[in-house]
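Single-letter residue listing:
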Amino acid sequence: MKKAMPFVLGVSFILLVSLAQSAQPFYAGKTLTILVGYPPGGGYSAYAQVIARHLGKHIPGNPVVIVQHMPGGASIVAANHLFNRAKADGLTIGSLNMFNMYSNYVGKSEGVFYDLAKWSYIGNTRSGIQIFLMRSDSYASFEAIKSAKRPVRLGYATKGDGHHLFGLAVEEGLGVKLNHIFGYGGGGEIDLGLERGELDGRSANLNSYLVSKPDWIKGGFVKILAQGGSAGREGKIIRDPRIPDVPTILELFPKERVQQLMDFASVGELISGVYVAPPKTPEDNLKVLREGFLNTLNDPDFLADAKRLNLEINPMGAKQVEAIVKRALKVSPELVDWVKTVRK
Amino acid sequence: MLETFWGSLLSVLSWPAFGLLLLGTFIGFWIGLLPGIGVVATLSILLPFTFGMHPINAMALLIALHAVGATTGDITSILFGVPGEGSAAATILDGHPMAKKGEAGRALGAALGSSLVGGLIGALALAVSVPVLRPFVLTFTAAELFALIVLGLVFIASLTGSLWTRGVLMAGLGLILSTVGMDPNSSIPRYTVGQPYLWEGLPLAPVAIGLFAIPEVVDLAVRGTGIAGQDVRIAGGVLEGLKDTFRYWGITLRCSLIGTFVGVIPGLGGSVAQWVAYGHAVQSSRDKSRFGNGDVRGVLGPGAANNSKEGGDIIPTVGFGVPGSGGMAILLGGFLTLGLIPGPEMLTKHLDVVFSMVWTLVIANIIIAVVCLSFLNKIAKLTQIRGSIMIPCILFLVFMGAFSANNDLLDLVVMILFGVFGYIAVLLDWPRPPLVLGLVLGRLAEKYLYISVGAFGLSFLLRPLVILILLLAVGAVVYSIRSGKGSVQALPTET
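Not measured: the values here are computed from a predicted model. (Residues numbered from 1 in each chain as written. Chains lettered and ligands numbered in written order. Predicted model: local features only at pLDDT ≥ 70, side-chain atom pairs only at ≥ 80, totals over all residues. Heavy atoms only, no water.)

Asks: Please explain the nonpolar core as it appears in this structure.
Replies: Note on soluble globular proteins: their nonpolar side chains tend to be buried together. Residues Trp119, Phe132 and Phe264 of chain A are the most contacted members of the largest nonpolar core, which totals 135 residues. Ranked by residues supplied to this core, first place goes to helix H19 (residues 433–456) of chain B with 12 residues. Looking at which domains feed residues into this core, each of domain 1 (10–127 + 271–329) and domain 2 (130–268) of chain A supplies at least three. In this view, Phe264 of chain A contacts Phe99, Tyr102, Ser103, Val106, Leu165, Val331, Leu335, Val336 and Val339 of chain A; residues no more than four positions away in its chain are not counted. (Core = buried A, V, L, I, M, F, W, Y, C linked by side-chain atoms within 4.5 Å. Buried < 20%, exposed > 50% of the residue type's maximum accessible area, 1.4 Å probe, protein only. Helix = DSSP H or I, 4+ residues; strand = E, 2+ residues; numbered from the N terminus. Domains from an automatic or database assignment. Contact = heavy atoms within 4.5 Å.)

Spelled out as structure tokens, the structure:
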């Protein structure tokens, strides 16, 4: 057995070298395009721009990396294009809204022409932590929400989005009716609604909230009542270390429906920064992309740039991403139907 | 307060801020003039270069670019009838007919002059009102915003001229078209014919370009002359337009304030400002007969609002983190990079940065106005070139402009469909502006109606400010119907 070791090492070295050699000519002198499912200006674009600045260094052949925007349908247009029309040669990859892709896929929305099980997943840049918060001067505890004279008002962008599902989980857990109000044009507008008093609370993303409203949390204008928690080892949901005193929603309300709702919402949260390549992208190129992507996310220069832009980075490899997608696709049809009726 | 105001002027004029301002102005000028790249994309490319700069320097570069891009967009609107962006379409209504009458120089002078004055008035208005700005803005909940949008819709009545019923019908069509897209209240796509492209609604730029530019191209081809059917009166053209800015100082002043006000309120968005200003210019003029056929007042109104709204727009972006346009959304990203967090502190502790942004806006516009004035008369001569030579160039502008909305081929399909519709509308004499206003305001009206009813129930109609604004709207309808009847016989007197 011991005699075999040098042989195995030697063979794998040769294999690696030949792999590197075969990949090098492929990306050398080529242009790698990151397709973003949103217009310039938002978070997806910001992440992609910074990744584009560094990714080329970590791919043998040092291709030029550019960002292209294809807005429409909250990244469904880009998903359809990438899945069906883009060449699966490893020269076009995409940064798409995972929750939208997922909920419209399992909900069988019209105009969806991709299969979540078939993407060539590359990796993930960030994970989100959901929080549920209330204005401190309104109903700043679950008891207060329960005994409130009118249903408390919560603001969202779109019915059926991840934040709404979190609000629904709170509603299920508490067993009282909440007033969900939709149509706000993003988190900034919802916070404005809170400030001018037409809303009492909202669910939000902890990472972006710490960036956009640090004074609200520290100054006590709002109070965080619950968190979605982050995925610990073995996929167990644990409290986020930055808010250790805030209980997770499952600690508060260990009910099956709450668990199901959080499972449905979590695919968008855990891999909210997913990068994909078209299905059947050649194995060699996909491997190079996956490695280059992970190395970029751990590159100190990249991390310094990301920090300057306040971009949270939690690198995740393709295997983990695929496992999360696989689990999420096992969602019960009954729950999908229920979410669909909620959306109507 | 005023010390900070003047102090920040000095810091904008000092090195290197001023150099960066010049650079931004230079880039913005070309980006605004040439179709295809767009101000928003350029801003996002330049953003990383501002890492580590002092906030005032970084903003000098980015805001100068942003402001100038908006101003030069007016040039293509007036000369060729091709709006640089959807919001600039209001300048076309009278600007391009003026070009066709050989008054391109005067129209360009009026557009530049009014946007210069508008920028200055907007800056002063902001400086004076900063202490009360936050509480003022916070009194406008979704309910008050809904009432304001109803007031804006009332201006449709004034955009229709004597064809009252047709105008209202076109506005209704615009409102119906505004419902295309994903309904946020049910997450169900409406009238999207199976295309996720339409989930976010009909994009404004291809619609406006199709409606207004295509009929002009057809018209140019049919006439076989240059854009200007008669000789361009070069002498005094641009100067005449500058003089108009002050001749009708009432319109310039009021429309500047309208622009600032619409810009300051978070959630209304800049594309509304120019249309409302145009509506106001028409409504407040005694003789309305020449509007739409090349009345310089119809250029002054949206021109003045164009720049003052940019100044106003800074407030919701820095004060509340709610950007009013795509460009402002990128600037918001820039703030976070520079360690500036939108919120109350921006209007107290970091007030110097906010004022320096306003000054950058004003100075960049002064520079571009002076630069443009030196060759506007030459640009105006473009309208004398034979149509057969100009048409391919204009079509290039048309297609690139529409395509840059989403970089999607469907942008061109939308543009062509609305182009055909716009041409038919012109042939049959149906007014197009109400359709665009309906489309722009319809989305906002639906959004704030839903939020108001969700938050307050029907009692939102009983809020004092809502009652006041709705009464104003009723008054405006009554007034415009009455004066509309009168104007048919009225002599064309200037106000």
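Having seen the model, we can carry on.
Asks: Before we go on, may I ask you to explain the pattern of salt bridges in this structure?
Replies: Pairing between side chains becomes possible if they bear opposite charge and their charged atoms approach one another. Residues and elements named next belong to chain A. For the coordinates displayed, the defined rule picks out 27 salt bridges over all chains. For Asp301, the salt bridge goes to Lys57, with nearest N and O atoms at 3.9 Å. Residue Asp301 is located in helix H13 (residues 300–308), and its partner Lys57 is located in the loop between helix H2 (43–55) and strand E2 (64–69); the two are separated by 244 residues in the primary sequence. For Lys57, a relative accessible area of 47% gives the class partly exposed. A salt bridge links Arg150 to Asp200, with the shortest nitrogen-to-oxygen separation between them at 2.9 Å. Here Arg150, found in the loop between helix H5 (142–146) and strand E6 (153–155), pairs with Asp200, found in the loop between helix H7 (187–195) and strand E8 (201–205); they are 50 residues apart in sequence, far enough to count as distant. When its relative accessible area of 29% is taken as the criterion, Arg150 is described as partly exposed. (Salt bridge = Lys/Arg side-chain N within 4 Å of Asp/Glu carboxyl O.)

Asks: Would you mind going over the packing of aromatic side chains with me for this structure?
Replies: How two aromatic rings sit relative to each other is given by the distance of their centres and the angle of their planes. Here the structure, examined in full by the defined rule, presents 19 aromatic pairs over all chains. Ring geometry for Tyr114 of chain A against Trp119 of chain A: centres 6.4 Å apart, planes inclined by 35°, an arrangement best described as tilted. When the centroid spacing of 6.0 Å and the interplanar angle of 75° are considered together, the rings of Phe140 of chain B and Phe261 of chain B count as edge-to-face. Highlighted residues: Phe140 of chain B in the loop between helix H6 (104–138) and helix H7 (142–154) and Phe261 of chain B in helix H12 (residues 249–264), separated in sequence by 121 residues. Phe261 of chain B sits in the partly exposed class, given a relative accessible area of 30%. Members of the aromatic cluster, each reached through a chain of ring pairs, are Phe83, Tyr105, Tyr114 and Trp119 of chain A. Across from the ring centre of Phe26 of chain A, 4.2 Å away, lies the NZ or CZ of Lys30 of chain A, which sits over that ring. The positively charged end of Arg126 of chain A is found above the aromatic ring belonging to Tyr44 of chain A, 4.9 Å away from the centroid. (Phe/Tyr/Trp six-rings, centres within 6.5 Å; stacked < 30°, edge-to-face > 60°. Lys NZ or Arg CZ within 6 Å of the ring centre and 35° of its normal.)

Asks: It is not clear to me how the packing of helix H14 (residues 297–320) of chain B against helix H15 (residues 326–337) of chain B should be interpreted in this structure. Could you clarify?
Replies: To describe two helices that pack against each other, one gives the angle between their axes and the distance between the axes. Residues and elements named next belong to chain B. Viewed as axis vectors pointing N to C, H14 and H15 meet at an angle of 50°, and their least axial separation amounts to 10 Å. Taken together, the axes of H14 and H15 are oblique relative to one another. Considering how the two elements wind past one another, H14 and H15 form a crossing that is right-handed. On H15, the residues that touch Glu310, Asp313, Ile314, Thr317 and Val318 of H14 are Met328, Leu332 and Phe335. Residues that form the contact of H14 with H15 fall into these classes: 5 nonpolar, 1 polar and 2 charged. (Axes fitted to C-alpha atoms, helices over the stretch in contact; angles between N-to-C directions. Parallel < 35°, antiparallel > 145°, perpendicular 65-115°, else oblique. Left-handed = near helix turned anticlockwise from the far one by under 90°. Nonpolar A, V, L, I, M, F, W, Y, C, P; charged D, E, K, R; others polar.)

Asks: Please explain the sheet that holds E2 of chain A as it appears in this structure.
Replies: In a beta sheet, neighbouring strands pair by backbone hydrogen bonds and run either parallel or antiparallel. Residues and elements named next belong to chain A. One open sheet holds the 6 strands; their spatial order is E2-E1-E3-E12-E4-E13, and the pairing between them is mixed. In the strand order of this sheet, the two ends are held by E2 and strand E13 (316–317), each with one partner. Helix H12 (residues 283–297) contacts strand E1 (31–36), strand E3 (92–95), strand E4 (120–124), strand E12 (274–277) and E13 of the sheet and is inclined by roughly 10° relative to E4. (Pairing = 2+ DSSP bridges.)

Asks: I'm lost on the side chain of Asp200 of chain A in this one. Help?
Replies: Residues and elements named next belong to chain A. Assessed through its relative accessible area of 4%, Asp200 is described here as buried. Of the polar contacts made by the side chain of Asp200, one reaches the backbone nitrogen of Arg153; its length is 2.8 Å. When residues no more than four places from it in sequence are discounted, the contact partners of Asp200 are Met134, Arg135, Ser138, Tyr139, Arg150, Val152, Arg153 and Leu194. (Polar contact = N/O pair within 3.5 Å; in protein donor to acceptor, adjacent residues only side chain to side chain.)

Asks: I'm lost on the interface of chain B and chain A in this one. Help?
Replies: Many analyses report the size of an interface as the accessible area lost when the parts associate. Taken residue by residue, the interface counts 43 residues in chain B and 41 residues in chain A. Interface area, chain B with chain A, both sides summed: about 3,600 Å², of which 57% is carbon and sulfur. The largest contributions to the chain B side of the interface with chain A come from Phe51, Trp199 and Ile451 of chain B, which together make up 15% of the buried area. For the pair chain B and chain A, the number of links is 2 salt bridges. (Buried area = accessible area lost by both parts, 1.4 Å probe.)

Asks: I'm lost on the domain arrangement of chain A in this one. Help?
Replies: All names here are of chain A. Partitioning chain A into domains gives domain 1 (10–127 + 271–329) and domain 2 (130–268). Placing the centre of domain 1 and that of domain 2 at their C-alpha centroids yields a distance of 30 Å. Counting from both sides, the interface comprises 13 residues of domain 1 and, opposite them, 12 residues of domain 2. Buried surface at the junction of domain 1 and domain 2, summed over both partners, amounts to about 980 Å²; 61% is from carbon and sulfur atoms. Summed over the three residues of domain 1 that lose the most area to domain 2, namely Phe99, Tyr102 and Glu312, the buried surface amounts to 49% of that side. Counting every contact that joins domain 1 to domain 2 gives 1 salt bridge. The salt bridge partner of Glu312 is Arg242, with a shortest N-O separation of 3.7 Å. At the boundary of domain 1 and domain 2, one finds 3 residue pairs in polar contact (both at pLDDT 80 or more). Elements represented by at least two residues in the side of domain 1 that touches domain 2 include exactly helix H4 (98–106) and helix H14 (318–328). Looking at the side of domain 1 that touches domain 2, the element that brings in the most residues is H4, giving 5 residues. Residues belonging to the side of domain 1 that touches domain 2 are distributed by class as follows: 7 nonpolar, 4 polar and 2 charged.

Asks: I'm lost on H14 of chain A in this one. Help?
Replies: Since one α-helical turn is 3.6 residues long, residues separated by three or four positions face the same way. Residues and elements named next belong to chain A. Among the residues of H14, Ala318, Val321, Ile324, Val325 and Ala328 are the ones counted as buried. Down the axis of H14, the buried side of the element spans an arc of 125°, and every buried residue falls inside it. Away from its buried face by more than 90 degrees, H14 exposes Lys319, Lys326 and Arg327. Contact partners of the buried residues in H14: H4, E4, helix H11 (256–270), E12, H12 and E13. (Arc of directions from axis to C-beta.)

Asks: Looking at this structure, I do not really get the pairing of strand E5 (residues 130–135) of chain A. What am I missing?
Replies: Regular strands place their side chains on alternate faces of the sheet. All names here are of chain A. Of all 6 residues in E5, 6 are buried; the element is thus mostly enclosed. Side chains Gln130, Phe132 and Met134 of E5 all project onto a buried face; the interleaved residues Ile131, Leu133 and Arg135 project onto the opposite face, where all are buried too. Of the strand pairs in this sheet, E5 and E8 are connected by 5 bridges, and their pairing is antiparallel. Of the residues in E8, the one forming a bridge with Phe132 is Ser203. Sheet analysis places E5 next to strand E9 (residues 222–227), joined by 5 bridges and oriented antiparallel. Its bridge partner lying in E9, Leu133 is registered against Ile224.

Asks: Sorry, what's going on with the pairing of E2 of chain A here?
Replies: All names here are of chain A. Along E2, the buried face is formed by Val65, Val67 and His69; none of Val64, Ile66 and Gln68, which line the opposite face, is buried. With 6 bridges joining them, E1 and E2 adopt parallel strand pairing. The residue bridging Thr33 from the neighbouring strand is Ile66, located in E2.

Asks: Would you take a moment to explain the packing of helix H4 (residues 55–80) of chain B against helix H16 (residues 351–380) of chain B for this structure?
Replies: Residue and element names in this part refer to chain B. It is at 8 Å that the axes of H4 and H16 come closest, and there the two elements cross at 35°. When you trace H4 past H16, the crossing you get is right-handed. For the pair H4 and H16, the contacting residues are Pro55, Ile56, Met59, Ala60, Ile63, Ala64, Ala67, Val68, Thr71, Ile75 and Leu79 in the first and Asp352, Val353, Ser356, Met357, Thr360, Leu361, Ala364, Asn365, Ile368, Cys372, Ile379 and Ala380 in the second. Looking at the contact of H4 with H16 residue by residue, the class counts come to 18 nonpolar, 4 polar and 1 charged.

Asks: Whenever I open this one, H12 of chain A confuses me. Can you help?
Replies: Residues and elements named next belong to chain A. Helix length check: H12 (15 residues) gives 21 Å between terminal C-alpha atoms against 21 Å at 1.5 Å per residue, within 8%. Among the residues of H12, Asn285, Leu286, Val288, Leu289, Gly292, Phe293, Thr296 and Leu297 are the ones counted as buried. Viewed end-on, H12 has its buried residues packed into an arc of 160°, placing them on one side of the element. (Expected span 1.5 Å × (residues − 1).)

Asks: I keep staring at unusual backbone geometry and nothing clicks. Help me out?
Replies: Trans peptide bonds make up the majority, and among non-glycine residues the majority have a negative phi. Following Trp15 of chain B, the chain continues to Pro16 of chain B via a peptide bond in cis, the omega torsion being 0°. You can see Pro16 of chain B is positioned in the loop between helix H1 (2–13) and helix H2 (17–33). Positioned with a positive phi, Lys108 of chain A is a non-glycine residue whose angle comes to about 50°. Examined against the element boundaries, Lys108 of chain A turns out to sit in the loop between H4 and E4. At Tyr191 of chain B, a position not held by glycine, the phi torsion is positive, near 45°. In this fold, Tyr191 of chain B is placed in the loop between strand E2 (188–190) and helix H10 (204–223).

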